[in-house]
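Coordinate inspection notes
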Amino acid sequence: MDECLYSEFGFFNTTKVRSNKDGDFLTSPEVSEYFGFFISNFINENSIKKNILEIGAGTGSLASQVEKFSNKKPIVIEKSKTAFQFLKNNEFNVYKSIESVPNQEIDLIYMNEVLDNIPCAVALNVNNEWFEKIIRLEEDSLTYDLLPIREINLAWITNNNINPIEGIEIEIQRNSTEYLKNLISKFKPKYFIIFDYGYEFYERENKPYKSLIRTYKDHHLSGETILQPTSTDITYDVNFSSVESFLKIEDYTVKLTSQKEFIYQNGFEELYKEIQADFQKADGMHKLTLKTHLVGLEAINNNRGLGGFKVAVAKKL
Ligand SMILES: C[S@@+](CC[C@H](N)C(=O)[O-])C[C@H]1O[C@@H](n2cnc3c(N)ncnc32)[C@H](O)[C@@H]1O
């Protein structure tokens, strides 16, 4: 996954920024220019005064919205070379990695659809024994195989109280945990807001998929991962129970909600009604623009789509 997404020839490092209309998938800030409004309300409500950091900014749409509505310019970290260059050219305060950001305390770190792009390992339990799924490099193809699981990954499974479910592969999000740990040790943030598609572990057995890893290209689900290395996005549903338990160990209180709930708690209804009232009075091009805003808001609020995403809101104790 790391090679396919982030190596020199990786999906995120060639040709174009992927998370917009011309790219391969659309995210909440690309669908609605008000997504950052709700994060800004959270910032104001919680009197967040110091720096704000966005991880995995993509096109920078969300950072621009947060700046517009909160009057605070976020620092952003972006790993993709193409997105980094785009952000640099557009005068974002952008860095390539945690290490390259100057030392400072940060009040809030937020991210949208980033953890699902952090490479994971895959475990499978066969006859009460854990194995790791590996990819063999054949002469001109890639194939799957199983090997005994590495100790460190077995520890991750045990620490997360993950019991085997027959025939189900477990995405081991150890890299995400490490990434959050590095953020905490460097910036000591008071708050995290983490948006992503995902689930709580108790929901896993009701999901009708053997694996939660999938590929996207040109706005469509794409096929088998190893048949098209580097030419698709590779992503998976985030196990928010693991995110929650890690943040609790680090002394954060954590609330898991849906995106719909989060935006409701941060001013959705008032904003929607205001734009709707303007829409009824408007005409011509302005009316069309307002309609687009309403449609965008409906999309990020829709329970069966982006509104159904999970959000972890964490506050340092
Ligand atoms: C699905 S896109 C989402 C972009 C943006 N957050 C949005 O909502 O439109 C994921 C982005 O996260 C970036 N990313 C993934 N892992 C990262 C990391 N460890 N540090 C910084 N950026 C990362 C990818 O390069 C990509 O631009």
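Note that the coordinates shown come from a computational prediction; the quantities given were computed from them, not determined experimentally. (Residues numbered from 1 in each chain as written. Predicted model: local features only at pLDDT ≥ 70, side-chain atom pairs only at ≥ 80, totals over all residues. Heavy atoms only, no water.)

1. Quick word on helix H5 (residues 81-89)
For H5, the complete set of buried residues consists of Ala83, Phe84 and Leu87. End-on, the buried residues of H5 take up no more than an arc of 100°, which puts them together on one face. Looking at the packing, one finds that the buried side of H5 touches strand S2 (75-77) and strand S3 (93-95). Remark: Glu91 follows H5 within two positions and exhibits a positive phi of approximately 60°. (Buried < 20%, exposed > 50% of the residue type's maximum accessible area, 1.4 Å probe, protein only. Helix = DSSP H or I, 4+ residues; strand = E, 2+ residues; numbered from the N terminus. Arc of directions from axis to C-beta. Contact = heavy atoms within 4.5 Å.)

2. Section: the pattern of salt bridges
Counted under the stated rule, the structure contains 12 salt bridges. Between Lys79 and Asp2 there is a salt bridge whose closest N-O contact spans 3.9 Å. With Lys79 in the loop between S2 and H5 and Asp2 in helix H1 (residues 2-6), this pair connects stretches of sequence that are 77 residues apart. Asp2 gets classed as partly exposed once you look at its relative accessible area, which sits at 42%. One network of salt bridges, with partners in common, ties together Lys133, Glu169 and Lys210. (Salt bridge = Lys/Arg side-chain N within 4 Å of Asp/Glu carboxyl O.)

3. Side note on the sheet that holds strand S7 (residues 142-148)
Here 4 strands make up an open sheet; going across it, the order is S7-S6-S5-S8 and the pairing antiparallel. Edge positions in the sheet fall to S7 and strand S8 (169-172), since each of these pairs with one other strand and no more. Neighbour-to-neighbour, the strand axes of the sheet open up by a mean angle of 40°, direction not taken into account. Bridge analysis of strand S5 (residues 121-126) against S8 gives 4 bridges, and the strand direction is antiparallel. Paired with Ala121 across the strands is Ile172, a residue of S8. The strands that helix H6 (residues 151-159) touches are S5, strand S6 (129-137) and S8; relative to S8, the one it contacts most, it runs at about 105°. (Pairing = 2+ DSSP bridges. Axes fitted to C-alpha atoms, helices over the stretch in contact; angles between N-to-C directions.)

4. Thoughts on the sheet that holds strand S9 (residues 191-196)
Read across the sheet, 7 strands follow the order S3-S2-S1-S4-S9-S16-S15 without closing on themselves; strand pairing throughout is mixed. On the outer flanks of this sheet lie S3 and strand S15 (252-258), each paired with one strand and no other. Direction aside, the axes of adjacent strands within the sheet are offset by 20° on average. The sheet contact formed by S2 and S3 spans 3 bridges and is parallel. Across the sheet, the residue bridging to Ile77 is Tyr95, located in S3. The strands touched by helix H7 (residues 174-187) within the sheet are strand S1 (51-55), S2, strand S4 (106-112), S9 and S15, with S4 carrying the most contacts at an inclination of about 160°.

5. Here's the deal with the site of the ligand
Close contacts around the ligand come from 18 residues, with Tyr6, Thr27, Gly56, Glu78 and Asn112 the closest. A distance of 2.7 Å is found between a nitrogen atom of the ligand and a backbone nitrogen or oxygen belonging to Gly56. Taking Lys79, its main chain carries an N or O atom lying 3.3 Å from a nitrogen atom of the ligand. For the ligand, whose free accessible area comes to 590 Å², the fraction covered by protein is 96%. Of the residues assigned to the shell around the ligand, the class counts are 8 nonpolar, 7 polar and 3 charged. (Near = heavy atom within 4 Å. Polar contact = N/O pair within 3.5 Å; in protein donor to acceptor, adjacent residues only side chain to side chain. Areas by Shrake-Rupley, 256 points an atom, 1.4 Å probe, with all protein chains shown as cover. Nonpolar A, V, L, I, M, F, W, Y, C, P; charged D, E, K, R; others polar.)

6. Concerning unusual backbone geometry
With glycine set apart, most residues show a phi of negative sign, and most peptide bonds adopt trans. A positive phi angle is found at Ser47, which is not glycine, with a value near 45°. Turning to its location among the elements, Ser47 is positioned in the loop between helix H3 (35-45) and S1. The backbone phi angle of Asp251 is positive, close to 70°, even though this residue is not glycine. Checked against the element boundaries, Asp251 lands in the loop between helix H8 (240-249) and S15.

7. Regarding the environment of Glu113
Following the sequence through the fold, Glu113 ends up in the loop between S4 and S5. When its relative accessible area of 12% is taken as the criterion, Glu113 is described as buried. Discounting residues that sit within four places of it in the chain, Glu113 has contacts with Leu26, Thr27, Phe195, Asp196, Tyr197, Leu306 and Phe309.

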